[in-house]
Structures are given as structure tokens and as C-alpha cells.
Amino acid sequence: MELKRIESFCVDHLKLLPGIYVSRKDEVGNTLVTTFDLRFIRPNFELSMTTAGIHTIEHLGATYLRNREDIKSEVVYFGPMGCRTGFYLILKGDKEPEDIKACIKDMLDFIIEFEGDIPGATAVECGNYLDNNLMEAKIYAKKYREIL
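Our subject in this report is the structure included herewith. (Residues numbered from 1 in each chain as written. Predicted model: local features only at pLDDT ≥ 70, side-chain atom pairs only at ≥ 80, totals over all residues. Heavy atoms only, no water.)

Brief notes about the packing of aromatic side chains
- What the rule picks out here adds up to five aromatic pairs.
- Taken together, Phe-40, Phe-78, Phe-87 and Tyr-144 form an aromatic cluster joined through their ring pairs.
- One cation-aromatic arrangement involves Arg-42 over Phe-45; the distance from NZ or CZ to the ring centre is 3.6 Å. (Phe/Tyr/Trp six-rings, centres within 6.5 Å; stacked < 30°, edge-to-face > 60°. Lys NZ or Arg CZ within 6 Å of the ring centre and 35° of its normal.)

Examining the side chain of Thr-34
- By secondary structure assignment, the location of Thr-34 is in strand S2 (residues 31–39).
- Within the structure, the side chain of Thr-34 is placed 2.6 Å from the backbone oxygen of Gly-93, a separation counted as a polar contact.
- Leaving out residues up to four positions away in the same chain, Thr-34 has contacts with Val-22, Arg-24, Lys-25, Leu-89, Ile-90, Leu-91, Gly-93, Asp-94 and Lys-95. (Helix = DSSP H or I, 4+ residues; strand = E, 2+ residues; numbered from the N terminus. Polar contact = N/O pair within 3.5 Å; in protein donor to acceptor, adjacent residues only side chain to side chain. Contact = heavy atoms within 4.5 Å.)

Section: the side chain of His-59
- Position of His-59 relative to the elements: it lies in helix H1 (residues 51–67).
- Within the structure, the side chain of His-59 is placed 3.0 Å from the side chain of His-55, a separation counted as a polar contact.
- Excluding residues within four positions of it along the chain, His-59 makes contact with Ile-118, Pro-119, Gly-120, Ala-121, Cys-126 and Asn-132.

Digging into the pattern of salt bridges
- Enumeration according to the criterion identifies 12 salt bridges in this entry.
- In this structure, Asp-70 engages Arg-68 in a salt bridge whose closest nitrogen and oxygen atoms are separated by 2.6 Å.
- You can call Arg-68 buried: its relative accessible area is 18%.
- We note a salt bridge from Asp-106 to Arg-68, for which the minimum N-O separation is 2.8 Å. On the criterion of sequence distance, the pair formed by Asp-106 in helix H2 (residues 97–113) and Arg-68 in the loop between H1 and strand S3 (75–80) is long-range, its members being 38 residues apart.
- A single network of salt bridges, built from pairs that share partners, joins Lys-25, Asp-94 and Glu-96. (Salt bridge = Lys/Arg side-chain N within 4 Å of Asp/Glu carboxyl O. Buried < 20%, exposed > 50% of the residue type's maximum accessible area, 1.4 Å probe, protein only.)

Some details on H2
- With 17 residues, H2 ought to run about 24 Å at 1.5 Å a step, and its terminal C-alpha atoms sit 24 Å apart, in line with that.
- Among all positions in H2, only Ile-100, Cys-103, Ile-104, Met-107, Leu-108, Ile-111 and Ile-112 are buried. (Expected span 1.5 Å × (residues − 1).)

The quantities given are spatial measurements derived from coordinates; they are silent on function.
Structure, rendered in C-alpha cells:
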């Protein structure tokens, strides 16, 4: 089988800066979904985020987005990139970065201000619940918030 190069590998990661980008738009049945690249870290120029910090952002970000009234019905997925330089956010509908920028800023403020137990960070709820770090998550969120 000949493997085609996937679109995300065609992006020049040496030129990619932190920000919000549309990664792709796909039809799933009768629904258009938009995949966003929430790029927190400049690839190959900055250290990638730690697994503990990115894991905590995943828990807090997903919880926030899936509870926010104006967007919760559109959220398909929120999770980290394997390279640990950002997150993918998949939403129902034909969306652009400006459509979600305020929401992402609010999500980051939620993470920055969060105190207490990380949602879903117990052995019953998570497969690696000990690998979380709220302080690192706050540092990453503050840095990204300043960029946006």
C-alpha cells in the first residue's frame, strides 16, 4: 500500500508560530466539522510542554468547553497534540479562528484562575491521574493567553 503524506506533515513547522489556526474542515455525514490547531508553543524552537502540564490543560479545558453553554453542543473533541506543542479542538460547523478566540481566552482565564482538585484526576476517572501539574498548566495558559 502506498501511503499518502497527510496534510499536517505538509505544514512547515519551522515557520509555525503560536496562535489559533484552522487545521482542516471535514464533512462527517451531513455535518461539517472544523479542526483547530491551538498552537501554544513554537515547534522546534521552544521546549515542548510537559506531559503533566498538558494533561492538566486537557482535563480543565475539556471540562470548561463541555460546560460552556454557548459552545458545549458543538464540541466534538479537545485534546493534546502528540508533539506536545498545543491542542486540537474539533467543533461542529464551519468555523474560523475569530469565531472561537474569545472562548479560548475565557478557557485560559479559567485555567489560570482554577484552584482545587483537577476534574477527572482520580484513579477511577483517568488512566494516568497522577501525571497532572496545575502550576505548569497555569504557566502554559498564561503564556498562550498573552499571545492571543
